[in-house]
Amino acid sequence: MKFLRELKDLSGKTVLLRTDLDAPHDGNKIMNDYRIQRSLETIKFLQEHGAKIIAISKLGRPKKSDNWEGRDQSESLRPVAEHLANLLGKKPLAVSNKIPKYDVGHLILFTGDIRLKENLQVVKEAPQKDLILLENIRFYPEEETLDQNFAKLLASMADIYVEDAFAVVHRTETSVSELPKFLPAYAGLNLEREIKSLDKAMELKASPFVLMMAGIKISDKVGAIRNLGKDANHILLGGGLANLFLKSKGYEIGCSKVETDKQSLAEELLRNYKDKIILPIDVVVGSEDYTNPRVVMIEQVKKDDLILDIGPKTILEFSKYIKNAKKMVWNGPMGLFEKKPFSQGTMSLALLFASKCDENCFGVAGGGDTLEAIAAAKIGEHISFISTGGGAMLEYLAGEKLPGITALN
Ligand code: ADP
Ligand code: MG
């Protein structure tokens, strides 16, 4: 793989930058700008080295019916462009066909259809000092269909392709897996950092290695648990994920949400990692409408209870493992942390996890909702490394080959 860091002279070059500005927003304001912050290093590097940038990102998950003509303006990159412009000290400007000539560079959100020749030409001719951001790439149906002509069209605007959007490298999408076929392709600084940090999480020989997995879907997580579980000394399980394991062990879990058809995966892990897996001993249960929180021992869960968080005894138990850890990997909230009465487990573990990270203990956390939990706990700066990837991180940690990375090789 070639790394952008190794490229020194970029003056006069145009870079097609696949970046990740996919941040949660309310239509106006960005709620958590961690991913946008992480995109800055590469953007600044490219600017300092004299490159012109045409950036591509997705935002949210536009439905098929929202494709270009029917695109939903609430999925426009506009709030993200404004936020990014602010961070870069540039003025944001949304244009659909012409780029006005100003003395100072702007962050141009190009909202026009790039498939039209005249629009393509406008973007090609934009001055270096402007940073061009194309509108939500998922508005184009060609992004999903791996359209080779669309890839060629995008590639025709630039000399170099830089992949920096780690969170999408597990996807087979035109701007991720196809574009690198048509241009010299490099890994950006953020992608490089992700790869090196996650490699370290897998390869560093440090014991005890504590793996914390929670969240909801075992199908997303089983690969990472299988792979990391080989080296892990302890596997702490919480969240909806743990419910499935508790059920497999014969405990009553009431009406808790579980992937019942995936029971065999839990059984497999319980068999293979029998002495490593640590399950909740007490939990916070609630009713169907997420009210009436009660702490009960796991044996006391009733038929109409929902398990919505780990309990205080479990937090204490987990903390004993974290206390001695020399390496930690964490993915997934320990409960329904979006609702205050069920957020204690996640918030406590976030604090314990962050406070343990230092030069003697390397801790990696990641996952879309895990990022939200870390932001809510306001402890992100103390964590050794926070991945910008959710699914991508889990697949990488499972040891899988990711199309967006393979495409760079
Ligand atoms: P990540 O995005 O970090 O990988 P997941 O998507 O797997 O995490 O899971 C996050 C979601 O799981 C959160 O919305 C959280 O509310 C939910 N969750 C965690 N534990 C429970 C539980 N016991 N019951 C219901 N929802 C849960
Ligand atoms: Mg999630």
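Refer to the structure presented above.
This one's a predicted model, so the numbers in the text were calculated from it and none came from an experiment. (Residues numbered from 1 in each chain as written. Chains lettered and ligands numbered in written order. Predicted model: local features only at pLDDT ≥ 70, side-chain atom pairs only at ≥ 80, totals over all residues. Heavy atoms only, no water.)

(A) Representation of the nonpolar core. Ile114, Leu134, Leu154, Leu237 and Phe245 are the most contacted members of the largest nonpolar core, which totals 77 residues. The residues touching Leu237, leaving out its near neighbours within four places in the chain, are Met213, Ile225, Ala242, Phe245, Ile277, Ile278, Leu279, Pro280 and Phe318. (Core = buried A, V, L, I, M, F, W, Y, C linked by side-chain atoms within 4.5 Å. Buried < 20%, exposed > 50% of the residue type's maximum accessible area, 1.4 Å probe, protein only. Contact = heavy atoms within 4.5 Å.)

(B) Representation of the sheet that holds strand 12 (residues 294–297). What the 3 strands build is an open sheet, ordered 12-11-13; its pairing is antiparallel. Unpaired on one side and paired on the other, strand 12 and strand 13 (306–310) mark the two borders of the sheet. Recorded for the sheet is a direction-independent mean angle of 45 degrees between the axes of neighbouring strands. As defined by bridge partners, strand 11 (residues 282–286) adjoins strand 12 across 4 bridges and the pair is classed as antiparallel. Bridge assignment links Val285 to a residue of strand 12, and that residue is Arg294. (Pairing = 2+ DSSP bridges. Helix = DSSP H or I, 4+ residues; strand = E, 2+ residues; numbered from the N terminus. Axes fitted to C-alpha atoms, helices over the stretch in contact; angles between N-to-C directions.)

(C) Molecular detail of the site of ligand 1. Lining the immediate surroundings of ligand 1 are 19 residues, of which Lys221, Ile307, Glu338, Asp369 and Thr370 lie closest. A distance of 3.0 Å separates an oxygen atom of ligand 1 from a polar atom in the side chain of Asn331. A distance of 2.6 Å separates an oxygen atom of ligand 1 from a polar side-chain atom of Glu338. Across the complex, the protein chains shield 85% of the 580 Å² of accessible surface that ligand 1 would expose by itself. Contributing elements (two or more residues each) for the shell around ligand 1: helix 9 (239–248), strand 13 and helix 13 (368–377). Split into classes, the residues belonging to the shell around ligand 1 amount to 6 nonpolar, 10 polar and 3 charged. (Near = heavy atom within 4 Å. Polar contact = N/O pair within 3.5 Å; in protein donor to acceptor, adjacent residues only side chain to side chain. Areas by Shrake-Rupley, 256 points an atom, 1.4 Å probe, with all protein chains shown as cover. Nonpolar A, V, L, I, M, F, W, Y, C, P; charged D, E, K, R; others polar.)

(D) Layout of the sheet that holds strand 3 (residues 91–95). Read across the sheet, 7 strands follow the order 3-4-5-2-1-6-7 without closing on themselves; strand pairing throughout is parallel. With partners counted over all chains shown, the strands left at the sheet margins are strand 3 and strand 7 (185–187), one partner each. Sheet twist, expressed as the mean angle between neighbouring strand axes with direction ignored, is 25 degrees. Bridge count for strand 1 (residues 14–18) against strand 6 (residues 160–163) is 4 bridges, and the pairing is parallel. Bridge pairing in strand 6 links Leu17 to Val162.

(E) Focus on the packing of aromatic side chains. One pass over the full model with this rule turns up 5 aromatic pairs. Measuring from centroid to centroid gives 4.5 Å for Trp68 and Tyr140, while their planes differ by 15 degrees, and the two rings are stacked. You can see Trp68 sitting in the loop between strand 2 (52–56) and helix 2 (78–88) and its partner Tyr140 sitting in the loop between strand 5 (131–134) and helix 4 (141–145), a full 72 residues away along the chain. Exposure remark for Trp68: the relative accessible area of 5% places this residue in the buried category. Measuring from centroid to centroid gives 5.6 Å for Trp330 and Phe353, while their planes differ by 55 degrees, and the two rings are tilted. (Phe/Tyr/Trp six-rings, centres within 6.5 Å; stacked < 30°, edge-to-face > 60°.)

(F) A look at helix 12 (residues 344–356). Helix length check: helix 12, at 13 residues, gives a terminal C-alpha distance of 18 Å against a target of 18 Å (1.5 Å per residue), a fit within 8%. Within the span of helix 12, buried status applies to Gly345, Thr346, Met347, Ser348, Leu349, Ala350, Phe353 and Ala354. Against strand 8 (209–213), strand 13, helix 11 (312–324), strand 14 (327–331), strand 15 (362–365) and helix 13 lie the buried residues of helix 12. (Expected span 1.5 Å × (residues − 1).)

(G) Representation of the pairing of strand 5 within the structure. Here strand 5 shows a buried face lined by Leu131 and Leu133 and a second buried face lined by Ile132 and Leu134. Looking at chain direction, strand 4 (residues 106–110) and strand 5 are connected through 4 bridges and run parallel. Note on strand 5: the bridge partner recorded for Phe110 is Leu134.

(H) Unusual backbone geometry, seen in detail. Cis geometry is adopted by the peptide bond preceding Pro208, which originates at Ser207 and carries an omega value of 0 degrees. Along the chain, the position of Pro208 falls in the loop between helix 7 (189–203) and strand 8. Even without a glycine there, the phi angle at Leu146 is positive, about 55 degrees. Examined against the element boundaries, Leu146 turns out to sit in the loop between helix 4 and helix 5 (148–155). Residue classification places Leu146 among the partly exposed residues on the basis of a relative accessible area of 28%. At Tyr290, a position not held by glycine, the phi torsion is positive, near 60 degrees. Inspection of the secondary structure puts Tyr290 in the loop between strand 11 and strand 12. What makes Tyr290 partly exposed here is its relative accessible area of 24%.

(I) Region of interest: the environment of Leu394. Along the chain, Leu394 falls in helix 14 (residues 391–397). The spatial distance from the C-alpha of Leu394 to the C-alpha of Gly366 is 8.5 Å, given a sequence separation of 28 residues. Non-local contacts of Leu394, meaning those with residues more than four positions away in its chain, are made with Met213, Asp220, Lys221, Ala224 and Asn331.

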